[in-house]
Amino acid sequence: MSGAVLAVAAVVAVWTASQPGSDVVPGTAKSTTGPSASSSPAAAPAASTVDLAGLVVVDDAAPRPYERDEFGQRWADVDRNGCDQRNDVLARDLVDVVYRPGTQDCVVERGALTDPYTGELVRFEKVDGGIDIDHVVPLAAAWRAGAWSWTAQQRTDFANDPANLQATSSSVNRSKGDQGVDEWLPPDPSYACAYATRWVQIKTRWSLTVTTAEKTTLEQLLERC
């Protein structure tokens, strides 16, 4: 058995071992995570399984190294609502949100997040931080999957696509880094189904490729949804 297949098996095995059993109801992707998202809990994973089969498998490295600057300004206001994407996502994902006075309900000063990656409640104070915005499909992973060939505007749009952004605790976001789904999964196993579903929806939405190891992991996760 190849090292890549063993690695995939290890990632899924760790997630499976932490499952409390059939009583767990896997999460489902939010309606904001892509055009193929569905209000039916069973439909989103099923559609993602079909979408996954249509993704092109490429194991070759990108022709040039990834650099963050290739994806443009950090937290641009791509929807031109007057707020950058970081604050838009904080406002979307947090509850009990308090805005900085004088910013026209734009800059989030504090709030609370039930982190989907951990299931834990995280309090946010802008002065202290504690919450990051995760790219579900990391920019480096997107680069390797085809973003290296995009225009600068396409990369900026991807980096600020709300469907690919998720508020999470800073510690979890930093532990994930730029790892792919075959290398890292959310600590809360009940969110693994939604995570895999979102991953496939984003890859499909942006016509990105998958690696063999990545596809194998996603197939195994979606089978358990």
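The structure contained in this document is the topic of the report that follows. Each chain carries its own residue numbering, running from 1 in the written order of its sequence. Under the rules for a predicted model, residues below a pLDDT of 70 receive no local features and side-chain atom pairs below 80 are neither given nor counted, while totals for whole chains, interfaces and linings still include all residues. Based on all heavy atoms of the structure, the side-chain values leave hydrogens and waters out of the count.

## Quick word on the pattern of salt bridges
Note the following rule: Definition used for salt bridges: Asp or Glu carboxyl oxygen within 4 Å of a side-chain nitrogen of Lys or Arg. Strands are runs of DSSP state E lasting at least 2 residues, helices are runs of H or I lasting at least 4, and numbering of each runs from the N terminus. When accessible area is computed with a 1.4 Å probe and restricted to protein chains, residues below 20% of their type maximum are described as buried, those above 50% as exposed, and intermediate ones as partly exposed.
For the structure on display, the rule yields eight salt bridges. Close ionic contact of aspartate 161 with arginine 205 constitutes a salt bridge, the shortest N to O distance being 3.0 Å. Note that aspartate 161 is positioned in the loop between helix H5 (152–159) and strand S5 (165–169) and arginine 205 in helix H7 (residues 192–205), a separation of 44 residues in sequence. Salt-bridge contacts for glutamate 214 lead to lysine 203; the nearest nitrogen and oxygen are separated by 2.9 Å. Pair noted here: glutamate 214 is in helix H8 (residues 212–223) and lysine 203 is in helix H7, with a separation of eleven residues, a long-range link. Given the relative accessible area of 5%, glutamate 214 is considered buried.

## Digging into the environment of glutamate 214
For clarity, the threshold we go by: Two residues qualify as a contact provided that any one of their heavy atoms is within 4.5 Å of a heavy atom in the partner residue. The term polar contact refers here to a pair of N or O atoms within 3.5 Å; inside protein, the definition further demands a hydrogen-donor-capable atom paired with an acceptor-capable atom, and it admits residues adjacent in sequence only when both atoms are side-chain atoms.
Along the chain, glutamate 214 and glycine 180 lie 34 residues apart, while their C-alpha atoms are 7.2 Å from each other. Here glutamate 214 is in contact with Val181, Asp182, Trp199, Lys203 and Thr209, once residues within four sequence places are set aside. Here tryptophan 199 takes part through its side chain, which lies 2.7 Å from a polar atom of the side chain of glutamate 214.

## Observations concerning the layout of surface pockets
Using the following cut-off: With a 1 Å grid laid over protein atoms only, a set of points is called a cavity when a 1.4 Å probe fits there but cannot get out and a pocket when it is open yet has protein on both sides within 12 Å along at least five of seven lines; lining residues have an atom within 4 Å of a point. Grid points are joined across faces, edges and corners, and a volume is the space filled by probe spheres set on the points. Three classes are used, and their members are as follows: Ala, Val, Leu, Ile, Met, Phe, Trp, Tyr, Cys and Pro are nonpolar, Asp, Glu, Lys and Arg are charged, and the others, Gly among them, are polar.
Estimates place the volume of the largest pocket at around 300 Å³. Forming the boundary of the largest pocket are 14 residues, of which Arg68, Ile133, His135, Leu139 and Asn173 lie nearest the centre. Put simply, the parts of the chain that give the lining of the largest pocket at least two residues each are strand S4 (131–135) and helix H4 (139–144). If one sorts the elements of the lining of the largest pocket by residue count, S4 sits on top with three residues. Counted by class, the lining of the largest pocket contains seven nonpolar, three polar and four charged residues. If you add up the space inside the second largest pocket, you get close to 230 Å³. Along the walls of the second largest pocket sit 16 residues, with Ala141, Arg144, Ala145, Thr211 and Glu214 positioned nearest its centre. Taken together, the elements giving at least two residues each to the lining of the second largest pocket come down to H4 and H7.

## Quick word on the sheet that holds strand S1 (residues 95–99)
Selection rule: For two strands to pair, DSSP has to find at least two bridges joining them. Lines fitted to the C-alpha atoms define the axes, with helices restricted to the stretch that makes contact. Angles between their N-to-C directions range from 0 to 180 degrees.
Strand order in this open sheet of three strands is S1-S2-S3, and the pairing throughout is antiparallel. For this open sheet the edge positions go to S1 and strand S3 (121–125), each flanked by a neighbour on one side alone. Direction aside, the axes of adjacent strands within the sheet are offset by 10 degrees on average. Contacts between helix H3 (residues 85–93) and the sheet are confined to S1, strand S2 (108–114) and S3, with S2 contributing the most and set at about 50 degrees to the helix.

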